[in-house]
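What follows is the residue order along each chain.
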Amino acid sequence: MLKQFCLETAARIGILIYGLLFRRKAQTYRFDIWLRSWVRRRLQLDGKLPPVAPGTCRDVMFCFADHFEPGTKNATPDVSQERFNAWRDLYPPLARSFKDADGRHPQHSFFFPPHYYSHEFLMELAEMDWQEVGEVELHLHHENDDSTSLRALLDTTLELFESYGVFRVQGGTVGRQFGFIHGNWALDNSRPEYCGVNDELTILQECGCYADFTFPSLHESQPQMVNCLYRALDDPHVAKSYDIGSLMTAQTADRRGLNPNTGLPILMGPIGLRRKSGFPWFSVEDADVTGEGPGTPERVRNWVNEGIHVAGRPEWLFVKVHTHGAPERHRDALLGDGAKAMYETLCKEFNDGGNFRLHFVSAREMFNIARAAEEGLSGNAGDYRDYEIKPYLTRSLLVNGQYHASGFLPALDDARAPRADITLDAPQAGSSIRFKVGLLRQIKGPLSRLVSLPDRLRLEGLGGELEIAVRSGTELTHCDGERLVPASEGMMDPVSGLVDRYRVRTAVGRPLDLFIKPGGSP
């Protein structure tokens, strides 16, 4: 009897302790907001992926959203620079060692806040996009704002970032678009001490925001909707308008193009509970990749198995994870062996070409593919990376200073030049503009403005010699018909390949017009 009493007492004490611990976690992680929705959804799916037709290959979109803050925790300038240098030096080679079904490398989305602005940081983040391993988006901390002050802050910030080619979308007329993460998880005044603006969703959309990537959040700001992609309509009179919304839903073929597409898209990552080997035998999954919580194979499988998708397109699965990538304690999980294990799991288990097809996507590309799903499109999801919002200028254009482009269309192949109208903000003797594809590859020297058409160039400079690198065999001709003689032919450029180099002189206030055409063409 005594033994049985002791066992029963121990069991009661254990249950009490476990209950108290669960209650504490519930309060800390705001189970009251999201746990019921998560349980209901898991029961509906029976713990499995959403069903698809037999033989269907599921597409997995993997997006890494980084709240990238080199100066966090009051870091000194030297520490901030060292943190940034680690990403500059270690991330591109890591990314290039992995490929998805389309041959693309991991795409890291750097949500960069203006309060850590540095000319060098933005220049080198723009080069990440040029290297095709990452894109820059907006991470904004603000507090005690109203609608007017928030608009002013956004305008100032966006104009600054745009002078590096960031948020500027390629096109005949260059447009503005950006993805958004709210600092301190306080979107739409959901944490009033870190925001203050009830109509933030409306302001963001009017300023060019295409989607929000803030969630999940283990705070009161977490929406009731979990593990889904949805649209939130703003109510300018109340906070947290995004708490509920309408699911992003695939249109049927007979209604394609009729989707009203109202509200700000909320593209969230997975949230839920996952098994843990030790007491209390469960942990909270919030898609945060850290030094303490790396992207282990088990976590990767859990992310995929949450089955986040556009309603009506269950074969396209979206996995968005996040991190605060700059601090040293996360380095192994993001740039070392922990990161390699995560990417290896993705490539080995979710890219077999039969059951799964993997796509490494930026935040912009994730949105584009979700939009393609909304419009009822299907097939290989990787075909829709640029479906609605075209790449930023930084993907095809690299300038070594601040600039503004009123128009930019990259050359489609090496038989043409780009269409571009680019003005340098502070031209100097060492100015440089590089193009990834086309007859025109680079212009160096005291250039102030370039206007490029498929068959001609207009150069305006400070006066002095310009060096023009073109695809080998390309001819440059003065407007009077005189053919220029290359200063060097068949020189190997590490980025552009085989190029010819011409030297021309410009005079202040006198534009220089040149014709450009492939060698040997009439």
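What this report covers is the structure whose coordinates are included nearby. (Residues numbered from 1 in each chain as written. Predicted model: local features only at pLDDT ≥ 70, side-chain atom pairs only at ≥ 80, totals over all residues. Heavy atoms only, no water.)

### Describing the packing of helix α7 (residues 297-305) against helix α9 (residues 337-349)
Here's step 1: Axis separation between α7 and α9 bottoms out at 9 Å; the angle between their running directions is 55 degrees. Taken as axis vectors, α7 and α9 run oblique relative to one another. Taken as a pair, α7 and α9 cross one another with a handedness that is right-handed. Taken together, the residues of α9 that come into contact with α7 (itself represented by P297, V300, R301 and W303) are M342, T345, L346 and E349.
Here's step 2: Tallied by class, residues from the contact of α7 with α9 come to five nonpolar, one polar and two charged. (Axes fitted to C-alpha atoms, helices over the stretch in contact; angles between N-to-C directions. Helix = DSSP H or I, 4+ residues; strand = E, 2+ residues; numbered from the N terminus. Parallel < 35°, antiparallel > 145°, perpendicular 65-115°, else oblique. Left-handed = near helix turned anticlockwise from the far one by under 90°. Contact = heavy atoms within 4.5 Å. Nonpolar A, V, L, I, M, F, W, Y, C, P; charged D, E, K, R; others polar.)

### Observations regarding the pairing of strand β26 (residues 512-517)
A regular strand places its side chains on the two faces of the sheet in alternate fashion.
Here's step 1: A one-sided burial pattern is seen for β26, the buried positions being L512, L514 and I516 and the unburied ones D513, F515 and K517.
Here's step 2: Where strand β21 (residues 456-461) lies against β26, four bridges are found, and the strand directions are antiparallel. Across the sheet, L457 pairs through a bridge with L514, a residue of β26.
Here's step 3: In this sheet, β26 lies alongside strand β23 (residues 475-478) in antiparallel orientation, the contact comprising four bridges. Along β26, the bridge assignment pairs H478 with L514. (Buried < 20%, exposed > 50% of the residue type's maximum accessible area, 1.4 Å probe, protein only. Pairing = 2+ DSSP bridges.)

### Regarding unusual backbone geometry
Here's step 1: Following F215, the chain continues into P216 via a peptide bond in cis, with omega recorded as 20 degrees.
Here's step 2: Tracing the sequence through the fold places P216 in the loop between β7 (209-212) and β8 (229-232).
Here's step 3: The backbone of A287 shows a phi angle near 65 degrees, a positive value even though the residue is not glycine.
Here's step 4: Examined against the element boundaries, A287 turns out to sit in the loop between β12 (282-285) and α7.
Here's step 5: A residue is classified by how much of its surface remains accessible, and A287, at 0% relative accessible area, is buried.

### Some remarks on the packing of aromatic side chains
Here's step 1: Under the counting rule described, the total for this entry stands at 29 aromatic pairs.
Here's step 2: On the numbers, 6.3 Å between centres and 85 degrees between planes, the contact of Y91 with F110 is edge-to-face. Here Y91, found in helix α3 (residues 77-96), pairs with F110, found in strand β2 (residues 108-112); they are 19 residues apart in sequence, far enough to count as distant. When sorted by exposure, Y91 lands in the same class as F110, which is buried. (Phe/Tyr/Trp six-rings, centres within 6.5 Å; stacked < 30°, edge-to-face > 60°.)

### Considering the sheet that holds strand β16 (residues 403-409)
Here's step 1: Judged by pairing direction, the sheet is antiparallel, and its six strands sit side by side in the order β16-β17-β20-β21-β26-β23 without closing on themselves. Each end of this open sheet is capped by a strand with a single partner; those strands are β16 and β23. Strand-to-strand, the axes of this sheet are offset by a mean angle of 15 degrees, without reference to chain direction.
Here's step 2: In terms of strand pairing, strand β17 (residues 419-424) meets strand β20 (residues 447-453) through four bridges, oriented antiparallel. From the neighbouring strand, I422 faces β20, where its bridge partner is L450.

### Structural notes on helix α10 (residues 363-374)
Here's step 1: Helix length check: α10, at twelve residues, gives a terminal C-alpha distance of 17 Å against a target of 16 Å (1.5 Å per residue), a fit within 8%.
Here's step 2: Extensive coverage of α10 is indicated by the burial of twelve of its twelve residues.
Here's step 3: Of the residues making up α10, those classed as buried are A363, R364, E365, M366, F367, N368, I369, A370, R371, A372, A373 and E374.
Here's step 4: Residue G376 follows α10 closely and has a positive phi angle near 85 degrees. (Expected span 1.5 Å × (residues − 1).)

### Quick look at the packing of α3 against helix α4 (residues 119-130)
Here's step 1: Put simply, α3 and α4 touch, their axes get as near as 11 Å, and they point 15 degrees apart. As far as their axial angle goes, α4 and α3 are roughly parallel. Two packed elements cross with a definite hand, and for α3 against α4 that hand is left-handed. Each of S80, Q81, F84, W87, R88, Y91 and P92 in α3 lies in contact with α4, whose residues at this interface are F121, E124, L125 and M128.
Here's step 2: Among the residues forming the contact of α3 with α4, the class breakdown is seven nonpolar, two polar and two charged.

### So, the sheet that holds strand β18 (residues 432-435)
Here's step 1: A sheet is described by the order of its strands in space; here six strands give the open sequence β15-β18-β19-β22-β25-β24, paired in antiparallel fashion. Both outer strands of the open sheet, β15 (397-399) and β24 (488-493), are each paired with one neighbouring strand and no more. Ignoring which end each strand starts from, the neighbouring axes of this sheet average 25 degrees apart.
Here's step 2: Bridging between strand β19 (residues 440-444) and strand β22 (residues 464-471) involves four bridges; their strand directions are antiparallel. What sits directly across from L440, in β22, is V470.

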